[in-house]
Structures are given as structure tokens and as C-alpha cells.
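Here are the chains, one letter per residue:
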Amino acid sequence: MYNVKTLPPPSLLKSILGFVISGVLLWLTIRKSGLEIENVKLQTYQVVYFVIALITFVLATWIQSIRAKLLWISRNGKVIKVNTYSSLVLGNFYNCILPGNLGEGVRALHFSKKNNVPFQYSLASIITEKWIDALIFVPIVGLLLSLKPITESYIIDALLLTTLMIVLLFIVFVTFQLNIKIEKTVWRIVLKFGVIGKYLFKLYKKVVEQLRNLMKSGLIFPYIVLCACFFIGNIIQFLFLLKAAGIDAPIGGLYTSFLIAICIMIIVIVPSAPSNIGVLHYGIYLTLILASHQLGFSPQKGDLQSFALFSILLHLSYLLPEITLGLLYMIKERKTLFELL
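Residues numbered from 1 in each chain as written. Predicted model: local features only at pLDDT ≥ 70, side-chain atom pairs only at ≥ 80, totals over all residues. Heavy atoms only, no water.

Enquirer: What's the story with the nonpolar core in this structure? I'm lost.
Expert: As a rule of thumb, nonpolar side chains are buried together in soluble globular proteins. Ranked by size, the top nonpolar core spans 77 residues in total, and within it Leu159, Ile262, Phe310 and Leu314 carry the most contacts. Here Leu159 is in contact with Phe137, Val141, Leu144, Ile262, Cys263 and Ile266, once residues within four sequence places are set aside. Formed by nine residues, the second largest nonpolar core is a distinct cluster that contains Phe93, Tyr94, Met330 and Leu337. (Core = buried A, V, L, I, M, F, W, Y, C linked by side-chain atoms within 4.5 Å. Buried < 20%, exposed > 50% of the residue type's maximum accessible area, 1.4 Å probe, protein only. Contact = heavy atoms within 4.5 Å.)

Enquirer: Whenever I open this one, empty space enclosed by the protein confuses me. Can you help?
Expert: Using a probe with the size of a water molecule, rolled over the atoms, empty space left in the structure can be pinpointed. In the structure shown here, the tally under the stated rule is two cavities of 30 Å³ or more. Put simply, the largest cavity is a space of about 60 Å³. In terms of lining, the largest cavity is formed by Ala68, Trp72, Thr84, Ser87, Leu88, Arg107, Phe111, Ser122, Ser125, Ile126 and Glu129. Going through the elements one at a time, α3 (85-97), α4 (103-115) and α5 (119-147) are the ones with two or more residues in the lining of the largest cavity. For the lining of the largest cavity, the leading source of residues is α5, giving four residues. A per-class count over the lining of the largest cavity returns five nonpolar, four polar and two charged. Residue lining of the second largest cavity: Phe57, Val58, Thr61, Val89, Asn92, Pro321, Glu322 and Leu325, and that is the complete set. Here the lining of the second largest cavity is built from residues that sort into five nonpolar, two polar and one charged. (1 Å grid on protein atoms, 1.4 Å probe; cavity = no way out; pocket = protein on both sides within 12 Å on 5 of 7 lines; lining within 4 Å. Points joined across faces, edges and corners; volume = space filled by probe spheres on them. Helix = DSSP H or I, 4+ residues; strand = E, 2+ residues; numbered from the N terminus. Nonpolar A, V, L, I, M, F, W, Y, C, P; charged D, E, K, R; others polar.)

Enquirer: What should I look at first to understand the packing of α3 against α4 in this one?
Expert: The description of two packed helices rests on the angle between their axes and on the distance between the axes. For the pair α3 and α4, the least separation of the axes is 7 Å and the interaxial angle reads 155°. One finds that α3 runs roughly antiparallel with respect to α4. As for the relative orientation of α3 and α4, their crossing is right-handed in sense. On the side of α3, the interface is formed by Ser86, Ser87, Leu88, Leu90, Gly91, Tyr94 and Asn95, while α4 contributes Gly103, Glu104, Val106, Arg107, His110, Phe111 and Lys114. Residues of the contact of α3 with α4, tallied by class, amount to five nonpolar, six polar and three charged. (Axes fitted to C-alpha atoms, helices over the stretch in contact; angles between N-to-C directions. Parallel < 35°, antiparallel > 145°, perpendicular 65-115°, else oblique. Left-handed = near helix turned anticlockwise from the far one by under 90°.)

Rendered as C-alpha cells:
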């Protein structure tokens, strides 16, 4: 029999699984598309489009950092001045080099240390961001499905399943806020898990506090506006990348960019190697095939190669600025950062 003590920890198993999935999916993307990497040559106008996409991504990241600041304005009646951009950049950087989105943990740690706030508040603010993003995801998917007839696809199934899960969680969340007895009953069960249960409870209370503060301070509307700006920035980025990959309209248009912007929200959830390599490529490749079918086209060999090229350019449009800015801020924030690591 196996000795339990000799088995790899769950985090290691998850990382190994992520690398395996990423490797297989990257191989599938290149094999199925027939793309030959060594023969890929971008013309000058394609390089220009790619550079514009990079700039758009950097601007969208800046908007995301401004949005994050709103969670720290007028909490408990006090204005708290915080720096969110450096922590966000460093978190993105470590997501590029660490598996399992561990960069979010680095972001929370750095933010806590740099702004002298409790770590639980820092982590709770990230969870609050993700929760609001999830709630906004639901109507966006509804809008997407209203634009075109629903095509049978694993991607559509994934979107519907994710939407259903978010709706169910929202119902639970609202029930907790409206019925304190139910909330206390559930959390009494969770608290029986000891330290982990207590930590989850404290995180939950801090998330609720930040959400209520956002509502009471009247900042929920500006926050949603910034969410919309960030989302539109992603769509614009994808439009330029479609042009850089040589994908012309109607496939290389607004509908496809909108679809990609939605699908990428769930692609990044899949366990993968650092920077979502492989998972991102294959997921976006399948999304472009779905977009073609939605628009009434059957992609040919040349189209599939362009789809694979787009997935590579998309990955690079994230990777290059995140690595470059991450290295700059790692040097700038080395005293704070390496005290944590």
C-alpha cells in the first residue's frame, strides 16, 4: 500500500495537472490548425495592429487598477489612499511565471504590505472584484445569446453552466443578507472546520462589508462604468489582434471580439501552466471556430491557421507587457516584495 505521507501535496498535483493539460492543448491547437510556427511572418501592418493591441491592454490594466481603488474609498467614513497599480502589475507578472493563478496571492500580499492594511482586507478586496465581475458576467452572457441563434457547442454549454452557478451563488448570497438565521446556521457548520472555517468566515464578512460600503458610498455606478470600460478595452484589443492575425470581417469583427471577451473569463479558470499557456490557445482557437459557425461560415484550412496564430498573438499581447512591466516593478518594489517572498 502507498504511504500517505509520501504522496505529493494537492497543490503539487494541481500544478502537475495544469502543466499536462496545457501541454496537450497547445499541441492540439497547433496540430489541428496545421499552423507551422517557423513559417509565420507578420507584415508591417500586422505588427502595427499588434503593437496597438499591446497598448490597449496596458491601458485596460490601468483602468482595472483605478477600479480597484474604489473599494478603498470612504470605508468606515474614512478616505484611504492606496496604490493598487503596482500590486496588480506584480500579481499579473507572477501569474505569468507561477501555475494556478498564484499571482493573485502575491498581489494581495504586496498590497497589504505596501499600503499597511490587514492581509485579509487585501485578499477580500480581490474576492470582491471577482464576485462583482461574476455578477456582471450573467447579463453579458444573456446579451451574447440574444444576438445570434444558439449553436450546439461545448463553449456555449460552459457559458450556460457558469452562468447557472453564478445565479445559484447569488441566490444564496441574497438569502444570507435577507435571513440572518439561515446565514448563521450555514456558517456554524463551516466554523466546525476549525481554523479554515474561521478564516473563510472572516473573509466573507469583509467581502460583505466592502460591498455594502460600495453601495452606501454611491460608488457602485462608477465602479460598474469602469468595469464596462475595462471590458470594452478588451474588445478593442481583440479587434486589433484579429487584424494582426489576418482574420477579416465578418469573422474578424465586433461579434467575435465580444464572444472572445466573454469566453476568456472562463478559460482562465481551467487549471493550467503559468500564463494559461495551452489552455488559452486551445480555448480561443475553439472560440473562433464557434464564432465562424455563429456567423454562418465553415472555416477552411487557412482560416484555422489564422485562428491558431490569433491565439498565439493574444497570449503574447498579455505576456509581453505583463513580463516587461512586472520586471520593472519587481525592481522598483524589490524591498517590499522580497520581504514577502
